[in-house]
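# Observations on chain architecture
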Amino acid sequence: MKKLIPQMCFTLFIGVCIGFAPEPKAEKRKTDILNVNDIIKTENNTYLITEKNTKRLTQYNSDFSKIINEKNFTQAPTGITSDNKNIYVTLFNSQGQVCIIDPSTLEIKSTINTQSGTTYPVLSKRQNRLYVLNQFANTVQEIDLGKENISRTCSVLREPKAAAFDKDEKYLYVANFLPAQRADVDTVAACVSIIDMNNFERTKDIQLYNGGNALRGMCSSDDGHYIFVTHNLGRFQVPTNQLQQGWMNTNALSVIDTRKQELVGTVLLDDPERGAAGVWDVKATPEHIVVSHSGTHEISLIDYPSFIKKFEQSRDKDKLAYDLRFMYQIRQRIPVIGNGPRKIILDKDQIIIPTYFSDHINLYDIKSKNLQTIALVEGRTESPAQAGEKYFNDATHCFQNWQSCNGCHPGDARTDAMNWDLLNDGLGNAKNCKSMLYSHVTPPSMISGIRKNAEIAVRKGFTHIQFSECPEEVYECVDEYLKQLRPVPSPYLIEGKLSNKAERGRKVFDKHNCAECHSGPYFTNGKMYKIGEDVEFENGWDTPTLIEVWRTAPYLFDGRAADLKDVFKIHKHGIQSKITDKEIDELTEYVNSL
């Protein structure tokens, strides 16, 4: 079993591979945990970073040695972009919001209400328009910056997280974070949606290679011929009995041809004996593709001409999704100082890399191969829960670095929407991945109830899924992180309250005695029930919480129901008397609102 690599050894390893530049004297925060989640460079050569934990926007000078200005928000910022007039910051709250900010003062000039989970602002270079992704409303919205209002809205499939235009801005490509389908079928993968900018309608959904999930990064090639998408590639078809050669999870870059509007191939970013877990952002120039790996604390620097030549000359591109040697001789893996590189900037010959879990800024010079690192916080002290979130996402715990807990529970310890054949309850009986929200207060754990409580499940997850042993302190911190998770307010609520339709659905819920099993503050009585005809365990299945159930599709033990309407209408779950289609719609609305 592999233990966590000490930070000292990791730093020495970096020193062997690349050169160091001395850290400049910098103005540092005192003890704050920032969690830098986005960064841009402005036209006047300053940098703007958004900080999730402090709910703040901070402006630094060109070498990060001085804080120029800052702006505090009431909600956590989720993304940032700018033009020659304004700064645009998206905020996370139940409504969703875009702040238009004066670049000279960082004062808010105006705000625009959007929808739930607003993130990833994208500016049009040809029109005075801003586009935002509403992760939990499953929509993309167009903002007319002249009128400062929402001009058009387009629905996509599930949790849009990244987007990029083609070269002529005729189409917007949108990465759906998770699969939007049932899970008990041979092919399960998330899609990239294409929006026609003429009528702002979704014209096509391109499904990625089987197992594609957790789509996080997206960009266009410089010539506009390709869209690149970073994501996990889950090997859910096999039992979770080993990790070698990417047996469970691999980390991928998918290539979409914009001329054909088709997926033309998926390449792996891992090596045969070492994973590149936590794949996140991607940027491209005519010379390079750069990918951040938040789980292994490094970036991939890929020679673009060599990559495209090798990719286009590959005769059987279907096999690339299993080829762990594709990146040989065309890619450098460059470790960074700190923990959790996510968003990156590629600025000519320099790569700017913030680290989410340690609040460092790494400046890597491509030509000289020098790495300069600036610590943004002095005396940085994590709470146990903050340390637990870091451990949850850290693949250096894992044997050969193939995955972290985030590998199967992306999106803040929720679900990857796929079925997995874990060995804790037998072989050949795959079950749908569960969200870990409220797992510590709704025992037992796992759909089969095989783990008495979440504390046991956490420890067994490290030993049997990551094939590693960690100090007890690591497990306790992960427990604390999971205990402090809170549900996102349902996008089905109207100003925080049930809609009229959901209120009618509450009566249907009561009429059919749903509360007999789904009762109490977490909408579960914690008991096991035999439901359906193919129950393999004597005690049946665990009764899950219904809190945030709108976010955890597909449903039932093997994901056979794509949505809640299928749960009630097709599978008649908990329905023992006559129910009309209207009542099913109302019941679905109510349960989705919890």
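Worth saying up front: this structure is predicted, and the values here are computed from it rather than measured.

## Side note on the environment of S314
Structurally, S314 is set in the loop between α2 (304–313) and β26 (331–335). For S314 and A162, which are 152 residues apart along the polypeptide, the C-alpha to C-alpha distance reads 28 Å. Residues in contact with S314, not counting those within four places in the same chain, are L320 and F326.

## Points about the nonpolar core
F392, F462, L482, F509, L587 and V591 are the most contacted members of the largest nonpolar core, which has 39 residues in total. Every element with two or more residues in this core is listed here: α3 (384–392), α5 (454–464), α6 (472–483), α7 (500–511), α8 (564–569) and α9 (581–592). Among the elements that line this core, the one with the most residues is α6, at six residues. Residue contacts for L587: discarding those within four places in its chain leaves G505, V508, F509, F568, I575 and I579. With 28 residues, the next largest nonpolar core counts V140, Y173, I206 and L215 among its residues.

## Section: the environment of L48
Within the secondary structure, L48 is located in strand β4 (residues 47–51). In the structure, L48 is positioned 81 residues away from R129 in sequence and 21 Å away in space, judged by C-alpha atoms. When residues no more than four places from it in sequence are discounted, the contact partners of L48 are D38, I39, I40, T42, L57, T58, Q59, I80, I87 and L106.

## Focus on the packing of α7 against α9
Direction vectors running N to C along α7 and α9 enclose 105°, while the axes themselves pass 7 Å from each other. Between α7 and α9, the angle falls in the class roughly perpendicular. Residues K501, A502, R504, G505, R506, V508, F509 and K511 of α7 pack against K582, E583, D585, E586, L587, E589, Y590 and V591 of α9. When grouped by side-chain class, the residues that make up the contact of α7 with α9 number six nonpolar, one polar and nine charged.

## Digging into the pairing of strand β23 (residues 279–284)
Both β23 and strand β24 (residues 288–293) contribute to a ladder of four bridges, which runs antiparallel. Bridge pairing links V282 to V291 in β24.

## Details of α2
Here α2 has its buried residues at Y304, F307, I308 and F311. The buried residues of α2 all sit within an arc of 90° when viewed along its axis, so they share a single face. The exposed residues of α2 that point more than 90 degrees off its buried face are K309 and Q313.

Rules used in this analysis
- Residues numbered from 1 in each chain as written.
- Predicted model: local features only at pLDDT ≥ 70, side-chain atom pairs only at ≥ 80, totals over all residues.
- Heavy atoms only, no water.
- Helix = DSSP H or I, 4+ residues; strand = E, 2+ residues; numbered from the N terminus.
- Contact = heavy atoms within 4.5 Å.
- Core = buried A, V, L, I, M, F, W, Y, C linked by side-chain atoms within 4.5 Å.
- Buried < 20%, exposed > 50% of the residue type's maximum accessible area, 1.4 Å probe, protein only.
- Axes fitted to C-alpha atoms, helices over the stretch in contact; angles between N-to-C directions.
- Parallel < 35°, antiparallel > 145°, perpendicular 65-115°, else oblique.
- Nonpolar A, V, L, I, M, F, W, Y, C, P; charged D, E, K, R; others polar.
- Pairing = 2+ DSSP bridges.
- Arc of directions from axis to C-beta.

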